[in-house]
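As a plain string of letters, each chain reads:
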Amino acid sequence: MVHMYTNNSFSNFKRKKKGGEFFYGVAYYPEGWPFIISGYGHPPKITDSEWLTDLENIKKAGFNVIRVCEFSWPIIEPEPDVYDFELYDKVLDKCADLGIYVILGVDTLNPPEWFFEMYPDAWLINNMGQRTIREWPSPCFSHPGFRERSAKYIKNFISHYKDHPTIVAYQVDNEPAHHPRRRKIIGREELYCYCTYCVNRFKKWLRDKYGDDAPYVPDPLPEFEFFPAWLWVEWRLFNEETIVNKIKWIKEQIKKWDRNHPVTTNIMMHVAFSNEYSAMAHDVWSLAEVLDEVGMDYYSSLTDEKELNYSIRDSAAYSLARSLAKGEKFYCLEIQPTTLRGQGWWSDEKGLREVGDPRLVRLWTWRPVAYGAKSVVYWVWKTQIPTVWALVRPDGSFSKYLNIVREVSDKIKRLSPLIAESKPYPSDVAILYSKRTLHLAFRDKMSEIPIQSILGVFEALWENRIQVDFINVDRAEKGYLMRYKICFAPFLYVVEKALANSLENFVKNGGYLFTDAFYGYFDEKIRYSIVPCNNLDKLMLYRNHLTLLEDKPKFVITKKWGSLKLGATFSGYSYIEEIEALPDAKIIAEFENKLPAVVLAEIGKGKAIHVGTDIARAYFLNKENNAAEMIINLAEMAGAKPLVRVLNLKPEESKNLEITLLRNEKSQIMFLLNANENEVYPKIYVKNAPKNSRIIDALTKQEIASLKYADGFETSVQAYDVRILIIKPKN
């Protein structure tokens with residue numbers, strides 16, 4: 001059936017000028033959430049009148065976009081080469097009548113039942129030889145039958161909908177990764193994909209990459225603890241690349257039939273800061289590179305043990321999204337709209353409980369906006385049983401969280417052109433992120449250490465209002481490091497030859513480089529020799545002969561440098577290195593055993609600093625303030641400055657007041673997100689405020705301060721609320 005779309009069909013639908021509207025919406029499943037209906041491919045359990053009412057209520061709630069069709073393949077193609085678009089035609093046409101945009105899902109992760117009858121060997125297979133649970137994703141991209149059938153489906157699906165006026169973007173797949181669904185049940189790591197197609201492709205992939213030097217691949221593949229180290233890292237990189245190539249391939253199939261709409265997906269920010277990174281093969285960096293526009297999701301509750309309250313991971317996740325987008329706008333495609341806990345898909349808890357102030361939803365909603373998002377989409381409008389995610393109960397009645405959503409919606413409407421056209425400031429500071437390091441640490445059962453180290457540096461900088469980007473090894477090797485004044489590389493366990501060359505070039509051209517314990521232990525083939533490897537000892541002017549376990553190893557500043565005072569004492573967390581300083585190195589600090597603790601190398605125009613203990617972890621885990629002082633000292637010596645300075649607050653109040661800045665051609669936009677239980681009254685100094693500027697409340701349009709150069713201003717932010725200010729020069 002060919003569906004014709006004409007201007008007369010949708011008289012109520014008006015598309016605003018590109019870039020001038022912010023997308024605020026919710027995921028919606030008119031077919032019924034597929035995990036709850038009685039099997040995939042069954043007819044919808046929601047009546048026409050029900051989804052019509054849902055869409056009307058979605059519009060009344062203030063939403064202007066829905067994310068839909070994510071699990072539509074079994075319904076649209078119930079039999080091979082038999083297509084039925086009726087349900088989604090009606091839904092999208094109703095959206096057009098209501099003036100609701102659509103982020104349209106292109107479902108290839110949830111084939112119909114007949115697909116597995118046709119290709120019974122197409123399942124993803126785990127390390128125990130078990131096929132994946134019938135959920136997402138189910139089929140393996142390596143299987144030729146998957147590519148054949150999904151290519152046909154994509155052709156028909158895109159050809160049918162490409163001209164629909166509601167579509168703003170296609171979302172491919174859902175959280176593209178290997179999801180270890182059985183891990184809680186079986187009590188061990190669950191890894192994918194061990195199917196015959198993947199194993200054979202892996203062997204060829206190694207031969208193509210390394211030729212005669214390729215590592216030997218045992219048959220069958222061993223459990224991860226028994227993988228040779230180099231082979232394990234390559235196996236995980238192969239699985240990451242397989243998923244990335246799948247997304248790239250789907251995008252290419254879409255572009256054959258529609259070159260006008262961008263393609264995105266919801267990259268999971270929390271995985272980048274979780275111990276599951278290696279198991280899930282979710283390469284956030286490479287996924288971002290193959291998309292037209294970066295998309296992401298993030299759930300505070302998934303990564304924070306503190307009952308859904310503010311976590312530094314929240315800021316890190318959106319800083320990562322901003323970094324992936326390279327300063328451009330990005331889609332936020334999933335956040336949680338409630339502070340409920342329990343009765344999730346994989347929760348051990350039965351029954352729902354509220355574990356956070358409902359007003360936290362305001363902060364969760366505004367946070368992506370404050371970091372440069374072009375959309376905020378809640379997951380989800382409604383499910384068929386009570387869950388922690390639904391805004392609306394199964395019977396259609398509204399939860400109290402809908403009131404908060406409506407309140408935010410009103411503000412977003414009023415500010416839509418302003419926030420849609422504003423972008424983040426560039427950062428002076430980068431934190432280096434290494435996939436090989438995370439994969440090897442996972443095998444060595446220390447996967448938490450690199451994450452804790454990265455977050456320790458991030459937290460120290462962010463709490464001092466220094467904006468941070470994350471950069472991965474691939475981007476560093478391509479020259480992206482040259483955009484920054486300082487690069488922090490905590491727990492950089494593996495250093496590739498190309499990366500070593502990039503780091504040397506960065507320092508020689510004026511950059512500052514920070515490293516700490518275990519830096520350069522292994523090269524790209526996981527070989528151990530001189531530490532740091534790949535001739536980095538000549539750059540860093542030290543060698544590490546041995547790394548020992550020691551609880552809170554202490555060192556003392558022996559040479560004044562920057563703001564670090566002579567005699568000041570610092571602590572690491574659990575490691576101490578036996579360092580030999582090479583000629584021309586400057587020893588800044590010593591351990592209690594009189595061995596060098598901090599070594600400074602001045603190379604070319606820049607500086608390389610190595611700390612022989614895990615000082616970044618010491619701040620993250622023990623909140624050793626001296627550790628933060630050292631990190632801030634290095635950033636400021638490199639010329640990195642805070643975007644703002646904040647006075648008049650208690651330390652805990654300051655930590656819970658998040659401040660970001662966006663900019664457009666005419667002004668700066670400041671977001672103040674207050675996670676405190678009380679109203680706060682900060683005095684704020686803005687680094688880049690123009691001379692003779694006005695501070696205006698973005699919502700009330702009232703001027704709250706008039707500044708001369710370097711002046712500060714006082715303001716207030718209510719508990720669990722957001723204040724948005726415009727900083728613009730006086731005319």
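Preceding this section is the structure that the text describes.
The following refers to the structure shown.

About the cut-offs
- Counting restarts for each chain, with residues numbered from 1 along the sequence as it is written.
- Two thresholds apply to this predicted model, a pLDDT of at least 70 for residue-level local features and 80 or more for giving and counting side-chain atom pairs, whereas whole-chain, interface and lining totals are computed over all residues.
- Computation of side-chain values covers all heavy atoms of the structure but excludes hydrogens and water.
- Here a strand pair is declared whenever DSSP counts at least two bridges between the two strands.
- Helix and strand definitions follow DSSP, with helices as H or I runs of at least four residues and strands as E runs of at least two, each counted in order from the N terminus.
- Here, two residues are considered to be in contact whenever any of their heavy atoms come within 4.5 Å of each other.
- Only C-alpha atoms enter the line fits that serve as axes; for helices the fit covers just the stretch in contact. Angles between N-to-C directions range over 0 to 180 degrees.
- Between buried and exposed lies partly exposed: a residue is buried under 20% and exposed over 50% of the maximum accessible area for its type, with that area taken using a 1.4 Å probe on protein chains only.
- Throughout this description, the term salt bridge denotes a Lys or Arg side-chain nitrogen within 4 Å of a carboxyl oxygen of Asp or Glu.
- An angle below 35 degrees is read as roughly parallel, one above 145 as roughly antiparallel, one from 65 to 115 as roughly perpendicular, and any other as oblique.
- Handedness of a crossing is defined here by the sense of rotation of the near helix relative to the far one, left-handed for an anticlockwise turn of less than a right angle and right-handed for a clockwise turn.
- Cavities and pockets are found on a 1 Å grid laid over the protein atoms alone: a cavity is a set of points where a 1.4 Å probe fits but cannot escape, a pocket is an open set with protein on both sides within 12 Å along at least five of seven lines, and a lining residue has an atom within 4 Å of such a point.
- Grid points are joined across faces, edges and corners, and a volume is the space filled by probe spheres set on the points.
- The criterion for an aromatic pair is that two Phe, Tyr or Trp rings (for Trp, the six-membered ring) have centres within 6.5 Å, with stacked assigned to planes under 30 degrees apart, edge-to-face to planes over 60 apart and tilted to the rest.
- Geometrically, a lysine NZ or arginine CZ counts as sitting over a ring once it is within 6 Å of the ring centre and also within 35 degrees of the ring normal.

### Comments concerning the sheet that holds strand 28 (residues 693-697)
- Overall, antiparallel pairing links the six strands, which are arranged 12-25-26-31-28-29 in an open sheet. A strand with exactly one partner marks an edge of an open sheet, and here the two such strands are strand 12 (423-424) and strand 29 (703-707).
- This element, helix 13 (residues 360-370), spans strand 25 (657-663), strand 26 (668-674) and strand 31 (721-729) of the sheet and lies at about 155 degrees to strand 26.

### Let's talk about the side chain of Glu459
- Summarising the element assignment, Glu459 is placed in helix 16 (residues 448-462).
- Here Glu459 falls in the buried class, since its relative accessible area comes to 7%.
- If we skip the residues at most four places from it in the chain, Glu459 touches Ile312, Tyr619, Phe620 and Lys623.

### Considering the pattern of salt bridges
- What the rule picks out here adds up to 44 salt bridges.
- Note that Lys435 is salt-bridged to Asp474, the shortest N-O span being 3.9 Å. Of this pair, Lys435 sits in helix 15 (residues 435-443) while Asp474 sits in helix 17 (residues 473-477), and the two are 39 residues apart along the sequence.
- Given a relative accessible area of 15%, Lys435 falls into the buried group.
- The partner of Glu602 in a salt bridge is Lys586, and the shortest N-O contact between them spans 3.1 Å. You can see Glu602 sitting in strand 22 (residues 596-603) and its partner Lys586 sitting in strand 21 (residues 586-591), a full 16 residues away along the chain.
- One connected set of salt bridges, linked through shared partners, spans Lys209, Glu234, Arg436 and Glu496.

### So, the packing of helix 5 (residues 144-161) against helix 8 (residues 229-257)
- Direction vectors running N to C along helix 5 and helix 8 enclose 40 degrees, while the axes themselves pass 9 Å from each other. Relative to helix 8, the element helix 5 is oriented oblique. As helix 5 packs across helix 8, the resulting crossing turns out to be right-handed. In this structure, helix 5 uses Phe146, Arg147, Ser150, Ala151, Ile154, Lys155, Ile158 and Ser159 to contact helix 8, whose residues at the interface are Lys246, Trp249, Ile250, Gln253, Ile254 and Trp257.

### Describing the side chain of Arg322
- Residue placement: Arg322 occurs in helix 12 (residues 312-324).
- Note on Arg322: relative accessible area 5%, which makes it buried.
- For Arg322, the residues in contact, after removing those within four places along its chain, are Gly327, Phe330, Tyr371, Pro424, Ser427, Gln467, Val468 and Asp469.

### A look at empty space enclosed by the protein
- Taken as a whole and judged by the stated rule, the model has 11 cavities of 30 Å³ or more.
- Approximately 120 Å³ is the volume attributed to the largest cavity.

### As for the packing of aromatic side chains
- All chains considered together, the criterion is met by 51 aromatic pairs.
- Both rings, one in Tyr153 and one in Phe157, keep their centres 5.6 Å apart while their planes meet at 25 degrees; by these two values the pair is stacked. One end of the pair is Tyr153 and the other is Phe157, both in helix 5 and four residues apart, which spans about a single turn.
- Looking at Tyr153, the relative accessible area reads 0%, which means it is buried.
- On the basis of relative accessible area, Phe157 is assigned to the buried category, the value being 0%.
- Each ring, one from Tyr318 and one from Tyr371, has its centre 5.9 Å from the other, and the planes form 35 degrees; the classification is tilted. You can see Tyr318 sitting in helix 12 and its partner Tyr371 sitting in the loop between helix 13 and strand 11 (373-378), a full 53 residues away along the chain. Each member of the pair, Tyr318 together with Tyr371, is buried.
- Taken together, the ring pairs in this structure connect Trp73, Tyr83, Phe85, Phe115, Phe116, Tyr119, Trp123, Tyr153, Phe157 and Tyr161 into an aromatic cluster.
- In this arrangement the basic side chain of Lys623 is found over the ring face of Tyr619, its NZ or CZ atom lying 5.3 Å from the centre.

### Thoughts on the pairing of strand 8 (residues 330-335)
- Of all six residues that make up strand 8, six are buried, and the element is covered over most of its length.
- Across three bridges, the pairing between strand 7 (residues 295-297) and strand 8 is parallel. Paired with Met296 across the strands is Cys332, a residue of strand 8.
- Summarising the sheet, strand 8 and strand 11 pair through four bridges and their orientation is parallel. Bridge assignment links Tyr331 to a residue of strand 11, and that residue is Ser375.

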